[in-house]
Amino acid sequence: MISETVKEEKKLKFGLFLGCNISFNRPDVEQAMRKIFPALGVEIDDLVGQSCCPTWGTVPSIDIVGWCAVAARNLALGEEKGIDLMTACNSCYGSLNEARHKMLKNPEIMSKVNEILAKIGKKYEGKAKCRHVAWVLYKDVGLEKIKESIKYSLDGITVAVQPGCHFLWPSEVYPDKEKDPFNPKVLRELCEALGAEAPYYTKLIDCCGMGALRSTDPEKSFILVREKLECIKEEIDADLIVTTCSSCLIQLDDAQEKLRKEGKINFSIPVLHYVQLLAICMGFDPQQVAGICVTPRDEVIKMILEGGKR
Amino acid sequence: MPKIGVYICHCGENIAGAVNIEEVKKFVEKLPDVVVVRDYLFMCSDPGQEIIKEDIRKGLVDRVVVAACTPRTHEPIFRKACEDAGLNKYYFEMANIRDQCSWAHWHEKEKATEKAKQLIAAAVAKARLLEPLEDRYVELNKNVMVVGGGIAGIFAALDLANAGFKVYLVEKSPSIGGNMAKLDKTFPTNDCSACILTPLMVEVANHPNVELLTYSEVEAVEGTVGNFRVKVRKKQTYVDWEKCTGCGACLNVCPPKARVPDEFNEGLSLRGAIYIPFPQAVPKKAVIDPDACISCSGRWFGEEPRRTKDGKPILAPCEKVCPTGACSRDEPRDPNGELIELNVGSIIVATGYRVMDKKHFKEFAPDSPNVITALQMERLISATGPTEGKLIVPSDIPKYLEWKKKVEKGKEAKLEARKPHVITFVSCVGSRDERFHTYCSKVCCMYMLKQAMLLKEKYPDLDIYIFFIDVRTPGKDFDEYYMRCRKLGIKIIKGKVGGVQRLPDERLLVRGYDADLGKPVELISDIVVLATAIEPNTDLKDLARKLGINVGAEGFLRERHTKLYPVDTMTEGVFICGCAQGPKDIPDSVAQAKAAASSAMSLLAPGKMRVEPLISEVNPEKCTGCGICAPLCPYGAIEYVEVDGKRRAKINEAICKGCGVCTAACPSKAITLHGFTYEQVLAQIKTIARKGVIEEV
Amino acid sequence: MEITEGVPPVINLTEVAEREKEEFEKKVSELIIEFGAENLLACMQCGACASICPLARVGFEWYNKKLIKAILIGMKEELLDDPTPWACVACNRCTEICPRQVAPFEVMFAMRRLMVEEFAIPTLAIEGLRSLYEHGHAVYMTGREARKKVGLPENPPSTDSDEKALQDLRTILKNTKLAELGLIPME
């Protein structure tokens, strides 16, 4: 005889929130997401009509209600469809969740925001939130499924992980929290699921210097990225830097090349967003999912496709 | 033959870290009469004591030597263990191989081991000669004298009185209440100081077991624990307190020429030569300050009055206005007052503190009336202060007083006193300052915050700056209090003020440093409040000398042990509490006062006290009555008596403390100090001189 | 943007306080609280925020701790020219560790908001706002080679390809303080 409780498998579905940097600067990250998620059984909604999150230097610098209103419109696009948003950009993740946190904490802000949204026939109740792709992969998809899905593994390859600031703090505002944000494990475990070594290094949680600092004073910004790169080189001599933030990706990739040209560093470590790395391991075309970079990544990709370092 | 057990303590690593225990053990095993040698991690612990007790019970040993730490703290513990196991506890000897051995020679382990051997050998040498002794008991006088009538003294007196002890509460001022009576409100609850203090003052004064001796000072102390004889001088009040009702009629008639700075208002206003310290004074009695009185009637006490043409006597205004005749000058009065003698079993010292005067701090423009001490600020904001709590700049207090006088006389007058807009507090004035006091006065941070909070809550438009070296708020609810201040918008700046300068308009230029911004700052302030250091009262050293207790380098009374005996002193029966022991706040002062009271109670409650039999005894057959010993005795325990018609020294057992001075001085070796006989001490010395070899008896 | 002389070598607290009282409608600290740093006054200047602040690390002068102190004593004019708040990466590590829950990041951003009111706003920020209004993206690029190269349609599914959505966003922006201040042209 057969006895079982039949469980309905919940279909995973998220609104893919792109943000400006991925849309225009690093569309290969977008392409990577468009490849990997359906293959992992996660349905993607395009969230048509989405805009800038808004990023820190824009409305958040003017006033809180305006910030929340722009964020709420984006979040409402998901809420209307009963789905959460999902992003591969820490800035979007931070801005949208901080805004949501402010609205939930302060009903006055929430009602002012909805007064504004009403003018375009929309409302936001605080239900839809923005998830981070790393957390979706870690928690919703799961490490086992990731391991099953890859064709190439990173045997013998050492990666330096860069979770990025807005993946970690303020932990209060985020829907998913590292057990210890000062010693984050999610990205390390995600990389290990691909067969890589992802050791701790001293400046793992340090800021890369991107964002407003980069636009205000690039030289000062480069101090931080250089410190970080040197730490990675000296302490763990990584073959690859893996991040879950599009801003960190740009900074570590771009600035590295500049530092090299200025003779401030004499090494080169390729940088990939985690979704790009996963897409490569799953066998998608590297040109499409990781085709845009400043610091060359051909060698490391070749190494992966050839079965890792061993 | 005695059977000696030697017990060597490791004291964790304290001894074993420097002394080679195994080597010492091997050495001790060979000493004469030693039958048991054991070592243990902590000999004073329960299992450690049990090792000794078990050996005694089994009859293995009948003399015990413990080689461990200091007898000062641990001898009583081991004696008790011996007694519990059925051995006379004076068959016990201790060798200190820690304080003067392992600790002192921590880096010379071989020498430490060698020294430990010799010290233990000396103790064994003495142990072979020990005699059994019996404890004695002395009767105790159950009365207690509390010196100082501030909050600490009041609480100590009340606790003792409630427990049924007779208390003499001696206070040098005309009223009890102390410094707390001057405070407006008290942190961290902001309850009114007078409201919580006044009922206690009344309670202690009316308590049937308390005899209040205000305007009195301790002149001399004799005797020892259980039997102190104290001479107290009741100062001349020049007012008949039997008759004085405290009506206050005399206060206003005292002429302007006789007015002097008012102590209660910290000099912010004047009082007459005849005065009641403050409206809530207990007892509420007037006194005449003879230094201020100008004898305006032309006669002093006991002198014939001058007379008008028609022969009527000319009376002083106070005399004239007094409804009860308490101020009469007809009788002469002894300027020295009256000397009385008290017999008490214990003494509690609670003489409090004073705050440093601003005059010491030249860099802060002390000559400006608008630079004031924090205690003056208390008076300025207190409803019983010179301005009834109206906030004006101190330089305008004279204007205020004039205005008040006019209004009281029913005249119309406009008050033209300036209100302050900016008040600046300066911390650590005289505290944490090598030029004055190295210690932290402990309460200043909190009272500055308190004053700032009270001011800001009452006058929200005031700009208040507090300059701190660092904010110290280590008390219950204290840091929360500090946060309340910050949230009120009081500007708190880390960095000390280095200079205050007087401006022509009596405002003040304050020069400080903002360590957070890393820049010097300056501002113009209407009032500058100096948190001047708490320091011991001037006569504290003198009192300490009379009581035979110690003062520390900073002049506060020194406790017997900082942690374990915090209210005890080196003189048994004398306890200390409150700010006389060191700067502290009201909660701590009260807690200490209650601790002192309870220490006095547990000392006196049994009515008699066990005294160790380690005292001196005269052998009248050897004594020649030479008279050397008696004058040397610091306790006055030796007298000369007739024995078979001959003059002989006799030692009063109740008084002798066993110090050994007489024993050492006696030329005919007629005096034995029990527990430290010639034979015993010599055996110890010889053993050490022979590097641990014990001479056969 | 009004050009001020910055913070002088000696800070005159009397002048600062008087200006705060006479020239401003509200105290600087009150404004900062209103602009989002609700717990400003709880700051005890421990400096933990500065210890991990990327801006402090690379040598900006008015990083979190110092900015808070300057605000607490009432400074404003002196700080308007300073670029520090605009360099804040909003990393929020300070918020995570602040023992008084001051959220120094909120102070940095409240300062930005206060500076905006005084039109002390960097050109880059104006450009970002304009781009946001015009395209719905603060970072916007006309060249779409990269998208095509990786096999994506030229336009992302955002306001960039949805006129109605763009108009909605503009309506929202027109109803915020951004429009009140008139920082950018809005049709």
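Residues numbered from 1 in each chain as written. Chains lettered and ligands numbered in written order. Predicted model: local features only at pLDDT ≥ 70, side-chain atom pairs only at ≥ 80, totals over all residues. Heavy atoms only, no water.

A. The overall build of chain C, seen in detail. Along the backbone of chain C there are twelve helices and one strand. For chain C, the N- to C-terminal ordering of α and β elements is β-α-α-α-α-α-α-α-α-α-α-α-α. When the backbone C-alpha atoms are referred to their principal axes, chain C occupies close to 60 × 35 × 30 Å. Counting every position in chain C, which comprises 187 residues, the buried fraction comes to 60%. Partitioning the contacts of chain C with sequence separation of at least 6, the portion at a separation of at least 24 is 67%. Carbon and sulfur atoms provide 48% of the accessible area of chain C, an area that totals close to 7600 Å². Mean positive and mean negative side-chain charge positions of chain C (22 and 30 charges, respectively) differ by 7 Å. (Helix = DSSP H or I, 4+ residues; strand = E, 2+ residues; numbered from the N terminus. Buried < 20%, exposed > 50% of the residue type's maximum accessible area, 1.4 Å probe, protein only. Contact = heavy atoms within 4.5 Å. Areas by Shrake-Rupley, 256 points an atom, 1.4 Å probe, with all protein chains shown as cover. Lys, Arg positive; Asp, Glu negative; His and termini not counted. Charge placed at Lys NZ, Arg CZ, Asp CG, Glu CD.)

B. Expanded view of the domain arrangement of chain C. Entries for chain C in the domain assignment read domain 1 (13-117) and domain 2 (123-181). On a C-alpha basis, the centroid separation for the pair domain 1 of chain C and domain 2 of chain C is 31 Å. (Domains from an automatic or database assignment.)

C. Broad picture of helix α10 (residues 374-381) of chain B. The element α10 of chain B is largely enclosed, with a buried count of eight among its eight residues. Looking only at α10 of chain B, the buried set comprises A374, L375, Q376, M377, E378, R379, L380 and I381 of chain B.

D. Summary view of the nonpolar core. The biggest cluster of nonpolar side chains holds 204 residues, and the ones touching the most others in it are M33, M103, L137, Y274 and L278 of chain A together with I32 and M75 of chain C. Sort the elements by how many residues they give to this core and helix α3 (residues 64-79) of chain A lands first, with eleven residues. When residues no more than four places from it in sequence are discounted, the contact partners of M33 of chain A are L16, L18, I22, P38, I44, A88, V133 and V275 of chain A. L140, L160, I397 and C445 of chain B belong to the second largest nonpolar core, which has 111 residues in total. (Core = buried A, V, L, I, M, F, W, Y, C linked by side-chain atoms within 4.5 Å.)

E. Up close: helix α2 (residues 46-57) of chain B. All names here are of chain B. For α2, with twelve residues, the first-to-last C-alpha span of 16 Å sits near the 16 Å given by 1.5 Å per residue. Considered for burial, the residues of α2 that qualify are G48, Q49, I52, K53, D55 and I56. Down the axis of α2, the sector holding all buried residues measures 160°, keeping them to one side. Residues of α2 that are buried sit in contact with β1 (4-9), β2 (34-40), β3 (63-68) and α3 (71-84). A positive phi of about 80° marks G59, the residue just after α2. (Expected span 1.5 Å × (residues − 1). Arc of directions from axis to C-beta.)

F. Quick look at the sheet that holds strand β24 (residues 499-502) of chain B. Taking strand neighbours across the sheet as the criterion, the four strands line up as β24(B)-β25(B)-β26(B)-β1(C) in an open arrangement whose pairing is mixed. The open sheet terminates on both sides in strands that have one partner only, identified here as β24 of chain B together with β1 (11-12) of chain C. (Pairing = 2+ DSSP bridges.)

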